[in-house]
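What the coordinates show
The chain contents come next:
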Amino acid sequence: MQQSSLHTFVDNGIGYVDSCTSWSRAVSNASASSIDAVDAAKRLAAYTAVDRHVQPGDKIIGIGSGSTVPYVVERILQQGDERNRDRVFLPTGFQSQQLITLAGLRLGDITQYPEIDVTIDGADEADTDLNCIKGGGACQLREKVLAEAARTFIVVADYRKNSTVLGTNYTSGVPIEVSPFASTSVLRSLRTKLDSPNATLRMARAKAGPVVTDNSNFIIDAPFTEVALRKPRELLASIKLLTGVVEVGLFCGVVKAAYFGNQDGSVTAKFENGEVVHIEEGK
Ligand SMILES: O=C(CO)[C@H](O)[C@H](O)COP(=O)(O)O
């Protein structure tokens, strides 16, 4: 499997699977694309995490969303048909579902499999304590459900996401999924009560109007001060209390380990106990 094919195939919107689209034909159609430094770092993080956390006994696997998780699926595919034949893969949204389907892996649903062995997902940023901002791709509701349902939840990302304090590198604000009916009142509360004066409704690019999530909701991006982001649990709780908020893109106390691919070919692994391990290239 050409590693770029999975990305190209899904990202270019040609990933819609109909009954006659065969995986091999789709892959051959997808043009090979060069892997730049950031993509190489994503692949490194994903491969390292899969090698360490997707074991033969892991049969129910949650697949996150975004541009790093295609490398997770690629690495799982490389474990071979024999290993993957009796596994079930749970998606965190339409893109994630496409990834699983296009890879020829068995799709499952959280209602059938409420207990997951391991979920691997990307992140927009992670701090020293493995608190994460997620929702850059507007999938945080289903992502958090599968993260919390997993025995082990692992984050994979490139070096740009590895921060000490949230908001350092990811400055678009905390993604907040809201009921469309309540979006104006949530915006007003964020701006006037929670000190996020620049909170904005996320507008779509290739569609008139706001982004609509897989759950038919809207997304508000709410920037907060460093002081607030140094206490992400408290911030999460205060946002969740606003009427009309569906889910907040702050993941606190749920990440077991995070793997960050670096530009020099190494990987930085951070663990929930505070340990940080530097994994040299090829180790
Ligand atoms: O939370 C997410 C989507 O809602 C993604 O996992 C997050 O945005 C990271 O994406 P990428 O791997 O493309 O950097």
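In the annotation of an unreviewed UniProt entry, the chain is listed under the name Ribose-5-phosphate isomerase and assigned to Multifurca ochricompacta. Taken directly from UniProt, the Catalytic activity (unreviewed entry) text for the chain runs: "aldehydo-D-ribose 5-phosphate = D-ribulose 5-phosphate". Taken from UniProt, the Sequence similarities (unreviewed entry) comment for the chain reads in full: "Belongs to the ribose 5-phosphate isomerase family."

With that settled, consider the domain arrangement of the chain. Quoted interface sizes are often the accessible area lost when the parts come together. Domain annotation of the chain identifies domain 1 (10-164 + 253-279) and domain 2 (174-246). Across the contact, 16 residues belong to domain 1 and 13 residues belong to domain 2. A combined buried area of about 1,000 Å² lies between domain 1 and domain 2, and 50% of that area is made up of carbon and sulfur atoms. Of all residues in domain 1, Ala138, Gln140 and Leu141 give up the largest surface area on contact with domain 2, accounting jointly for 39% of the area buried on that side. Joining domain 1 to domain 2, the criterion identifies 0 salt bridges. The tally of links between domain 1 and domain 2 comes to 6 residue pairs in polar contact (both at pLDDT 80 or more).

With that settled, the discussion passes to the site of the ligand. In the region of the ligand, 17 residues are neighbours, and Ser65, Ser67, Thr68, Asp124 and Lys161 sit closest. The separation between an oxygen atom of the ligand and a polar side-chain atom of Glu143 is 3.1 Å. The contact in question runs from an oxygen atom of the ligand to an N or O atom on the side chain of Lys161, over 2.5 Å. Relative to its unbound accessible surface of 380 Å², the ligand loses 92% to contact with the protein. Per-class residue counts for the shell around the ligand are 3 nonpolar, 9 polar and 5 charged.

The rules behind each value
- Residues numbered from 1 in each chain as written.
- Predicted model: local features only at pLDDT ≥ 70, side-chain atom pairs only at ≥ 80, totals over all residues.
- Heavy atoms only, no water.
- UniProt positions renumbered as here; feature names shortened; annotations may be inferred.
- Domains from an automatic or database assignment.
- Contact = heavy atoms within 4.5 Å.
- Buried area = accessible area lost by both parts, 1.4 Å probe.
- Salt bridge = Lys/Arg side-chain N within 4 Å of Asp/Glu carboxyl O.
- Polar contact = N/O pair within 3.5 Å; in protein donor to acceptor, adjacent residues only side chain to side chain.
- Near = heavy atom within 4 Å.
- Areas by Shrake-Rupley, 256 points an atom, 1.4 Å probe, with all protein chains shown as cover.
- Nonpolar A, V, L, I, M, F, W, Y, C, P; charged D, E, K, R; others polar.

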